[in-house]
There are 2 protein chains.
Amino acid sequence: MEQTQSRKACRAVILNVGDELLDGIRTNGHLVWLGEQLARRGVRVLRGSVVRDEAEQIAAEISHAWEEANLIVTTGGMGPTRDDLIRQAVASALGLKLVHNSQAEATLRDRFVRLRREVSPGDLRQCLLPEGAELIPNPRGTSPGIYLSHEGRTLVMLPGPGLELRPMFEEEVIPRLCSCGAACEEEAYVQIRTFGIGAVPLENLVRPHLLPGMTLTFGTHTGIVDARISAGESDACCDRMLDVARKIRDTVGDDFICTGHACLATLLVEQLTAMGSTVALGESCTGGLLASAFTDVPGSSKVLMGSAVCYSNDAKISLLGIPSCIISQHGAVSAECAAAMATAAAEKFGSDYGLSVTGYAGPGGGTEEDPVGTIYFGYASPSGVWTRRVVLVGDRLQVKARAVNTALDWMRRNLNCYGVEDKLHSA
Amino acid sequence: MEQTQSRKACRAVILNVGDELLDGIRTNGHLVWLGEQLARRGVRVLRGSVVRDEAEQIAAEISHAWEEANLIVTTGGMGPTRDDLIRQAVASALGLKLVHNSQAEATLRDRFVRLRREVSPGDLRQCLLPEGAELIPNPRGTSPGIYLSHEGRTLVMLPGPGLELRPMFEEEVIPRLCSCGAACEEEAYVQIRTFGIGAVPLENLVRPHLLPGMTLTFGTHTGIVDARISAGESDACCDRMLDVARKIRDTVGDDFICTGHACLATLLVEQLTAMGSTVALGESCTGGLLASAFTDVPGSSKVLMGSAVCYSNDAKISLLGIPSCIISQHGAVSAECAAAMATAAAEKFGSDYGLSVTGYAGPGGGTEEDPVGTIYFGYASPSGVWTRRVVLVGDRLQVKARAVNTALDWMRRNLNCYGVEDKLHSA
């Protein structure tokens, strides 16, 4: 892409290469990841294409993309094996020679010496670049990326492994795209993350605040509803976007979680860390997934003491010390049991807060009053114990995931409501 | 597709429609799911394409796919809103009229009466079908699928939500594809699932057993390595495939997990159920994910008593009763602590077996001898206690996931080795 081109004209096609993506062996996670990276930088992805490791097919797709986009990002096909064919395909599609890059070879030989591996002819094919292309270093693997400006278009070729591709794109490609004006330096949209409000009511709240030229898209996942507000191609909108987001946040109220992409567990860990408080969990139907959501967050060991995953009634009694009469009188799936589990978790683990989940994840279980999907939550804090009942839809894994997000969101709200009061009680 | 066409000629293109797939909002999980379904039935997917909710672009892709494939499967764009445009796009690409289907309207009105919702003009657009097309019922949503045989090709249009799409494809589409000879009735490949052997050594073991015409592909995920053996287009290979798989299984030995797609936790739950045995877990660095893997499996409540997720040292001492001297002398990340955690889990939960994990998931933690990624496992059975140390690579989430699979695989091996003996000890 030439310096003279406007960023606003940047239109991308993403081409993912690999038989495993078409044979049902691997999910194409690169498309969603690159799509988000590019959307954040104001680049519109026109189309995604997934093709086999076949040179002719790859070349045809490159030629096709060359007609419609000015940024083409490819993943895969860059390795040392015989089915890694993207270099030849690109050269043939664009009528460019492949030239050997001696810097690439030196880096590769260095790496192999450290790994105590022999360099094979296949490995050396990774040092070939289309003429005029630039090498993108890959400190995490053997195959460098390729960056080519040609005929007013930019072609970025990335290796397949996510652990190599992602840092390479963030550290090397985004800065190059920004510096040639293809991508914006600033975030191109504001994302309002909510929980507890549907997409339609959220749209009704958000729409009146938008300025002409701003666009609105929605994403929903496991109870979370995101509203993305983009400035589109208007600089005036860009400047006003944060103001608009602030107004929307105030309108949305308690259902507002954050702006951006943070997950509920991350926010809760941050909140508890800032308060200097700790939490312990008592889980039945979520079966460890609530604890796992917390422990996905680096630094969570400072706030999460642990979780008693009590899948059997005996375990609830023996490990958490739930009175057996609560289970026999009210059942293990009940507000009473949830309250006892939250209190017992806080006591047994010696934490400030206790959070519990018990319910029917399905497909078996459930009663007439409490069908499959019914979940009771318990929350114990220095200022009291609360319970809550919800009925969730979906299969077993979806009910587990939605129960986890519902629990995290409920604790977030409780901390917002009662956090200061709790501090006073515990002081 | 006509009856007279051979199944062997079936070549598919998958077209996924939706802005959210290109804006980085949603992962395109449909491609991998449909890819697997079709591969199992001997249909080769040539290409996958993801496009925006734009009628012209969708029509261009349909026309393009019409040139190269004889089966086209689309997802999304079928709903009642203004950006659901696939019906018009298909009609324009193929030069077909859209006709109103009164059966579809009757079904839709019935459904809306039950949901107590008003029928809008947008909802009624879901009753339009390209002329000559067949309705595919959708008991789980408002938008039916569409099945069209035209010009020697088959077009299958599916709604976007996975909970509607998947059963519709399995129950309604696959049988139609089989009956017209486009898909095989039998599984078209055998998948050998392994753990603990790399793809290259596995290929060296598998390759000599293959018959001419058989093809081999590999998939790796979280320590699991799958070898898929396909009969290709030879009927003779089809008949011999199971024999070949059996020989390979015997060659692979203990690293063989199963044929097919079952996950480690499912197999372990089945094995424990068959033995009438129970297990309890003590988790540190996996933080609940090991318990969650078990509890993803319906019926796991019969064999999993629970998990003590002890993220802090205090919790290991207070909840599991690990002697504090073990932690002070050997550290919480040690073989000694893993052994104590496995034994204590089995005791506290009253289970036959105990399985434990303690390690450094990163990014913080680790020592010179035990760097980030070092994991100790403990296994307590009626006939003894064992420990194991591994060093895993990857970021925090990958280390958690790999530690879970390593623990499950290790317990599977131990049950295979010692299961019978354990039975004698506990009898």
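Rules used throughout
- Residues numbered from 1 in each chain as written.
- Chains lettered and ligands numbered in written order.
- Predicted model: local features only at pLDDT ≥ 70, side-chain atom pairs only at ≥ 80, totals over all residues.
- Heavy atoms only, no water.
- Domains from an automatic or database assignment.
- Salt bridge = Lys/Arg side-chain N within 4 Å of Asp/Glu carboxyl O.
- Helix = DSSP H or I, 4+ residues; strand = E, 2+ residues; numbered from the N terminus.
- Buried < 20%, exposed > 50% of the residue type's maximum accessible area, 1.4 Å probe, protein only.
- Least-squares fit on C-alpha atoms with pLDDT ≥ 70 in both.
- Contact = heavy atoms within 4.5 Å.
- pLDDT = per-residue confidence, 0-100.
- Axes fitted to C-alpha atoms, helices over the stretch in contact; angles between N-to-C directions.
- Parallel < 35°, antiparallel > 145°, perpendicular 65-115°, else oblique.
- Left-handed = near helix turned anticlockwise from the far one by under 90°.
- Nonpolar A, V, L, I, M, F, W, Y, C, P; charged D, E, K, R; others polar.
- Pairing = 2+ DSSP bridges.

Before going further, it helps to spend a moment on the domain arrangement of chain A. Annotation of chain A at the domain level lists domain 1 (7-179), domain 2 (189-259) and domain 3 (264-426). Its C-alpha centre places domain 1 of chain A at a distance of 34 Å from the equivalent point of domain 2 of chain A.

Let us look at the pattern of salt bridges. Should their charged atoms come close, side chains of opposite charge can pair. Residues and elements named next belong to chain A. As enumerated under the stated definition, the model contains 44 salt bridges over all chains in all. One salt bridge in this structure joins D243 and R246, with 3.3 Å as the shortest N-O distance. Taken together, the residues span about one helical turn, with D243 and R246 both in helix α9 (residues 235-252) at a distance of three residues. Classification of D243 by relative accessible area gives partly exposed; the value is 35%.

We now examine the relation of the copies chain B and chain A. Structural alignment of chain B on chain A gives an RMSD of 0.1 Å, achieved by rotating through 180° and translating 0.0 Å along the axis. Interpreted geometrically, this transformation is the action of a two-fold axis. A shared interface surface links the copies, since 100% of the contact residues of chain B are contact residues in chain A too.

Further remarks concern the confidence of the model for chain A. Residue and element names in this part refer to chain A. With 95% of its residues at a pLDDT of at least 70, chain A reaches an overall mean of 91. In this model, residues 1-7 is a region of pLDDT below 50 whose contacts with residues beyond four sequence positions or in other chains number 23 contacts. Here the predicted complex scores 0.88 on pTM and 0.87 on ipTM.

What follows deals with the packing of helix α2 (residues 29-40) of chain B against helix α7 (residues 162-179) of chain B. Two quantities define a packed helix pair, namely the angle between the axes and the distance from one axis to the other. Residue and element names in this part refer to chain B. Direction vectors running N to C along α2 and α7 enclose 25°, while the axes themselves pass 12 Å from each other. The orientation of α2 with respect to α7, classified from their angle, is roughly parallel. Read as a crossing pair, α2 and α7 show a hand that is right-handed. Contact residues: α2 offers G29, H30, W33, L34, Q37 and L38, while α7 offers G162, L165, R166, F169, E170 and L177. For the contact of α2 with α7, the class distribution of residues is six nonpolar, four polar and two charged.

When a strand is regular, its side chains alternate between the sheet's two faces. All names here are of chain B. The buried count for strand β15 (residues 353-359) comes to seven of seven residues, which makes it a mostly enclosed element. The alternating pattern of β15 places Y353, L355, V357 and G359 and G354, S356 and T358 on opposite faces, both of which are buried. As paired elements, strand β13 (residues 279-283) and β15 share five bridges and run parallel to each other. Following the sheet pairing, A280 is matched in β15 by G354. Two elements, β15 and strand β16 (residues 374-381), share six bridges in a ladder whose sense is antiparallel. Considered in β16, the bridge of S356 is made with G378.

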